[in-house]
Amino acid sequence: MMLGKLAWCNVLRNRRRSAITVLSIATGLAALTFIWAFIDGMNQQMIQNSTRFLTGDMQVHQRGYHADPTLDLTMEQVAPVLAAVRADPNVEAAAIRLEGKALASRGDKSRGIVLVGVQPREEALVSVLFSAVVSGRALQDDQRGVLIGEQFAQALGLAVGDDLLLIGQAYDGSVASGRFPVRGVFRTRIDELDDRVAVMPLEAVREFFAAPTGASAIALRLRERGRIDATQARLSQRLGVGYEALAWPQLLPLVAVSARFHEVMAWVVLVVFFGIVAAAVANPILMAVLERTREFGIMLALGTSRARLLGLVLLEALLLGALGLLVGNLLGLSVTALFARVGINLGAFGAALRTMPGLEDVIFPVIRWERSAMVSLLVFATACIAALYPAAKAARLEPVAAIRGLTGSRSARAPRGGAPGRGWPVFLLIAARNILRNRRRTAITAGGTAFGIVAFVFLFSYFDGFGEELIENSTRYVTGHVQMEPRGFRQDYAPELAFDGAQALLQQLRAAPEVAAAAPRVQAQALASSAAKSEGILLVGIVPEVEREVTFIHRTLVEGKPLSSGADRDILIGRKLAERLGVRLGEKVVVMAQAANGELGTSALRVAGIFATESGSFDSAMAFVTLPAAQSLLALDSRVSTINLRLRDRAMLDASLPALRQRLANPSLTLEPWQTLLPQVQEMVRMNRVIGNIVLAIAFLVIAIAIMNTVFMAVAERTREFGVMMALGAPPAAIQRMVVYETLALMLLASFIGYGVGVLLVAYFGRQGIDLSGFFRGYSAIPGLTGIVHPKLVLSHIGPPGLVLFVASVLVSLYPAARAARLDPVRAIRHV
């Protein structure tokens, strides 16, 4: 009881020291709370929006439908399945759907879509698609008409009241066709829905596909999404082997991998952040205890037992930790709750946000109490553990030596051989001697500051390396850094747009100093067929040996061998495509495409290799053949579709493009950068930068406060020392200069250590990589995301904030220096 009162009195007695310690704990805790809530808010918004608009929390299909969504796998006896699903205690609502592919046309414009038949009244209980209608009105059960997405309407030039022609293949194999009025236009901000989905009443779709009782899916909304695994297991057991119950992660793999990506990034950031917070908490506690040597010596001399002194120091740390927890949670939860209500507007990055399905312009952080409790417990434990060493050291002090201020550190010896430092200002020499004399204080200040700088360098390099890895892998799969193509080529990959004179253009481009390699290609939309099935693909004809200088798709082979010149009857396909076609290595695939002369080109090719990347969509839609094979199939003679370039320095892309375009000087051809060829990757990189900038801004704030607190504590705890110097005749201005000199020297030392260790750390992991692939196992939706991150040091990103950090830390010493200069010597010696 007495120790507790004494500990509390000590906390209140030196309010400045206590405030610095509490501020360090509170700032770190508040930052951890906010970052975790921000990332949880992003994930919850993605999942909530992606599932609520159409997909639902779960869906039930006939087994095999999800892997091969055809009308052949529709459920004909849907009533007993629907009754079994609705009987589950966690199912709040269920709605029948019939989905099928169709070609939508208006005038001379058309596109492939997914036609979804719903029962409007039942569907409204499962999804909120009808609430997203921005033009016209939602569907009704007895209404004939179609509801389409905003991007779909813009692409075909449709408005409410216009007629839309739909053509497809019916359930019985006949041609399905019909003309339907547009009743409404919806906007979900999810490209897959707004661009490729049309919704009609269920009975109208059944009539269109000639499936009077058919249903392809039963969509579910659950009472508790957190119990989705148990619900899935119960439904799978209840429905039997003929049906599959799939949760939203299987239905929406891109959403699942995006949420997983955020979680992994969050854990990496939080681990680094926790290191920053640990150092920020430990430093002032260490400084506060170790600077009280004389006080502890007097207590021991007056009869205080070593055990009671140890308990006193630990109790003070517990009290400071508890106060830090209180202030940190009040600050962190208040700020988070404020933004949870008003949101964080990232509208300036709207294009980047749209690459993460379901994200909106405004992100609302989500407070999860179990996360707050865990972070609070860890920070509190850190504060207590940080006091163990100085408490034990205080308990082992010798009273007489402690009262004299001697704790084992030795004064720096004067250099031999004459007057030291001749020509240097005397207080600069005193500052240097002080740094060497109290090596413990120097080590704590410089070490804590250096640790913050290491974390600062690593975080910047981690985000820069992740973006670099994503861009490099994506561009090296198929596009290269720049693609030369006919104007309008990528609208429909028409073979008649292929151009002559490829060899002359190749020589011209390869002669450019900016170009490292150039490869000719043929690219065309085609149909790949096996005995079991047909799939639409993008067929790419390449010159294998030349192509390897631009891309490395050959490195992704998991079966077979890469293409070689002369192997004009071979084809490389993705693993997903092989699974869908039901073909294996060595088997035949028939490829059909419309040739440049208007005829249908057909070729039977042997599967020579199967590749696998991180993108399921890439692996299911790409196929590679030799350039002569593609030219023969498409009747192109020696013409090519594109020339793809790899630059010597991708960072100089913006500066290189004008020179290359001037060199090309062909109005019918254009040079397109990878950002245009891979808009999703570009926007994902932008999104990574948005998240990274938010995290790094908070990290910078925490590190800056931690460093400034450490510097402030190192100066403010020396009141008695400054009093003695002033009593001996040292002028106040000289005291000020000495403090600034010491801080400057300490920051230079800390910067040298911090940046040195940080660069070495980044260099090591840049070579070895940080393997996070285990966290992404089973996820394959983001092209270029290998799960192995190689941090990259970008000096232009680290330099300016590093300079600000250095200057701020030196400037913060001006206040305690000015305060020291105004001290009354007698009161300072008495430390009143």
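Computed from a prediction, not measured in an experiment: that's the story for all the values here. (Residues numbered from 1 in each chain as written. Predicted model: local features only at pLDDT ≥ 70, side-chain atom pairs only at ≥ 80, totals over all residues. Heavy atoms only, no water.)

Concerning the overall build of the chain
Then, in step 1: Within the chain, the regular secondary structure consists of 32 helices and 24 strands.
Then, in step 2: For the chain, the residues scored as buried account for 54% of the 832 residues in total.
Then, in step 3: In the chain, of all internal contacts separated by at least 6 residues, the share reaching a separation of at least 24 is 80%. (Helix = DSSP H or I, 4+ residues; strand = E, 2+ residues; numbered from the N terminus. Buried < 20%, exposed > 50% of the residue type's maximum accessible area, 1.4 Å probe, protein only. Contact = heavy atoms within 4.5 Å.)

Remarks on the side chain of Arg521
Then, in step 1: Tracing the chain through its elements places Arg521 in strand E14 (residues 515–529).
Then, in step 2: Residue class for Arg521 comes out buried when judged on its relative accessible area of 1%.
Then, in step 3: A polar contact is formed between the side chain of Arg521 and the backbone oxygen of Val478, at a distance of 2.2 Å. (Polar contact = N/O pair within 3.5 Å; in protein donor to acceptor, adjacent residues only side chain to side chain.)

Here's the deal with the environment of Gly692
Then, in step 1: Within the secondary structure, Gly692 is located in helix H27 (residues 679–716).
Then, in step 2: Exposure remark for Gly692: the relative accessible area of 2% places this residue in the buried category.
Then, in step 3: In this structure the C-alpha to C-alpha distance between Gly692 and Met265, which are 427 residues apart in sequence, comes to 9.5 Å.

Some words on the side chain of Ser641
Then, in step 1: Relative to the helices and strands, Ser641 is located in the loop between helix H24 (627–633) and strand E21 (642–647).
Then, in step 2: At 3.1 Å, the side chain of Ser641 forms a polar contact with the backbone nitrogen of Gln523.

Topic: the pattern of salt bridges
Then, in step 1: Here the structure, examined in full by the defined rule, presents 22 salt bridges.
Then, in step 2: For Arg187, the salt bridge is made with Glu150, and the minimal N-O distance between the two is 3.0 Å. Here Glu150 lies in helix H5 (residues 150–156) and Arg187 lies in the loop between strand E7 (175–186) and helix H6 (191–196), a separation of 37 residues in the sequence.
Then, in step 3: Within the structure, one salt-bridge network assembled from shared partners comprises Glu468, Glu472, Arg476, Arg650 and Lys792. (Salt bridge = Lys/Arg side-chain N within 4 Å of Asp/Glu carboxyl O.)

With respect to a nonpolar patch on the surface
Then, in step 1: Together, Trp267, Val271, Met374 and Leu378 make up an exposed nonpolar region whose accessible area comes to about 380 Å².
Then, in step 2: Within the secondary structure layout, Trp267 lies in helix H10 (residues 253–290).
Then, in step 3: Judged by its relative accessible area of 45%, Trp267 falls in the partly exposed class. (Patch = residues over 30% accessible without salt bridge, like charges linked within 9 Å, V, L, I, M, F, W, Y side chains within 5 Å. Areas by Shrake-Rupley, 256 points an atom, 1.4 Å probe, with all protein chains shown as cover.)

Digging into the pairing of strand E15 (residues 534–542)
Then, in step 1: A large share of E15 lies buried, amounting to 7 of its 9 residues.
Then, in step 2: One ladder, built from 9 bridges, connects E14 with E15; its direction is antiparallel. When the bridges of E15 are listed, Leu527 appears paired with Gly536.
Then, in step 3: Count of turn residues in the E14/E15 antiparallel hairpin: 4 residues.
Then, in step 4: The sheet contact formed by E15 and strand E20 (residues 622–626) spans 5 bridges and is parallel. (Pairing = 2+ DSSP bridges.)

Things to note about the packing of helix H11 (residues 293–301) against helix H12 (residues 306–342)
Then, in step 1: Viewed as axis vectors pointing N to C, H11 and H12 meet at an angle of 145°, and their least axial separation amounts to 10 Å. When you trace H11 past H12, the crossing you get is right-handed. Touching Phe296, Met299 and Leu300 of H11 are Arg306, Leu309, Leu312 and Val313, all from H12. (Axes fitted to C-alpha atoms, helices over the stretch in contact; angles between N-to-C directions. Left-handed = near helix turned anticlockwise from the far one by under 90°.)

A look at the pairing of strand E18 (residues 588–594)
Then, in step 1: In E18, alternate side chains face the same way, and those of Val589, Val591 and Ala593 are buried while those of Lys588, Val590, Met592 and Gln594 on the opposite face are not.
Then, in step 2: Looking at chain direction, E14 and E18 are connected through 3 bridges and run antiparallel. From the neighbouring strand, Ser529 faces E18, where its bridge partner is Val590.
Then, in step 3: Here 7 bridges tie E18 to strand E19 (residues 600–611), and the two strands are oriented antiparallel to one another. Along E19, the bridge assignment pairs Ala593 with Gly601.
Then, in step 4: Linkage of E18 to E19, two consecutive antiparallel strands, is achieved through a turn of 5 residues, within which Gly598 is found at a positive phi near 90°.

As for the environment of Ala593
Then, in step 1: Within the secondary structure layout, Ala593 lies in strand E18.
Then, in step 2: A sequence separation of 67 residues divides Ala593 from Ala526, and the C-alpha atoms of the two residues are 4.5 Å apart.
Then, in step 3: In contact with Ala593, not counting residues within four places along its chain, are Gln525, Ala526, Glu599, Leu600, Gly601, Leu633 and Leu634.

Examining unusual backbone geometry
Then, in step 1: Residue Ala210 is not a glycine yet carries a positive backbone phi of 55°.
Then, in step 2: The topology assignment puts Ala210 in the loop between helix H7 (202–208) and strand E9 (217–222).
Then, in step 3: For Asp637, which is not glycine, the phi dihedral falls at a positive 55°.
Then, in step 4: Mapped onto the elements, Asp637 comes out in the loop between H24 and E21.
Then, in step 5: In this structure Asp637 comes out as exposed when scored by relative accessible area, which is 67%.

Describing the confidence of the model for the chain
Then, in step 1: Here the chain averages 81 in pLDDT, and 88% of its residues register 70 or above.
Then, in step 2: With pLDDT under 50 throughout, residues 407–420 is counted as low confidence; its partners more than four residues away or in other chains account for 16 contacts. (pLDDT = per-residue confidence, 0-100.)

As for the packing of helix H29 (residues 732–768) against helix H31 (residues 814–821)
Then, in step 1: At a closest axis distance of 8 Å, the pairing of H29 and H31 adopts a crossing angle of 155°. Taken together, H29 and H31 sit at an angle that is classed as roughly antiparallel. The handedness of the crossing between H29 and H31 comes out as right-handed. Between H29 and H31, the contacting residues are Pro732, Ile735, Gln736, Val739 and Val740 on the first element and Leu814, Ala817, Ala818, Ala820 and Ala821 on the second.
Then, in step 2: Looking at side-chain class alone, the contact of H29 with H31 contains 9 nonpolar, 1 polar and no charged residues. (Parallel < 35°, antiparallel > 145°, perpendicular 65-115°, else oblique. Nonpolar A, V, L, I, M, F, W, Y, C, P; charged D, E, K, R; others polar.)

Some remarks on the packing of aromatic side chains
Describing an aromatic ring pair means giving the distance of the ring centres and the angle of the ring planes.
Then, in step 1: Per the stated rule, a full pass over the model turns up 12 aromatic pairs.
Then, in step 2: Their ring planes at 80° and their centres at 5.0 Å tell us that Phe208 and Phe209 sit as a pair that is edge-to-face.
Then, in step 3: With centroids separated by 5.8 Å and ring planes inclined at 85°, the aromatic side chains of Tyr462 and Phe463 adopt a geometry described as edge-to-face. Taken individually, Tyr462 and Phe463 each receive the classification buried, so the pair is uniform in this respect.
Then, in step 4: Through pairs of rings, three or more aromatic residues link up here, namely Phe458, Tyr462, Phe463, Tyr764 and Phe765.
Then, in step 5: One cation-aromatic arrangement involves Arg52 over Phe53; the distance from NZ or CZ to the ring centre is 4.8 Å. (Phe/Tyr/Trp six-rings, centres within 6.5 Å; stacked < 30°, edge-to-face > 60°. Lys NZ or Arg CZ within 6 Å of the ring centre and 35° of its normal.)

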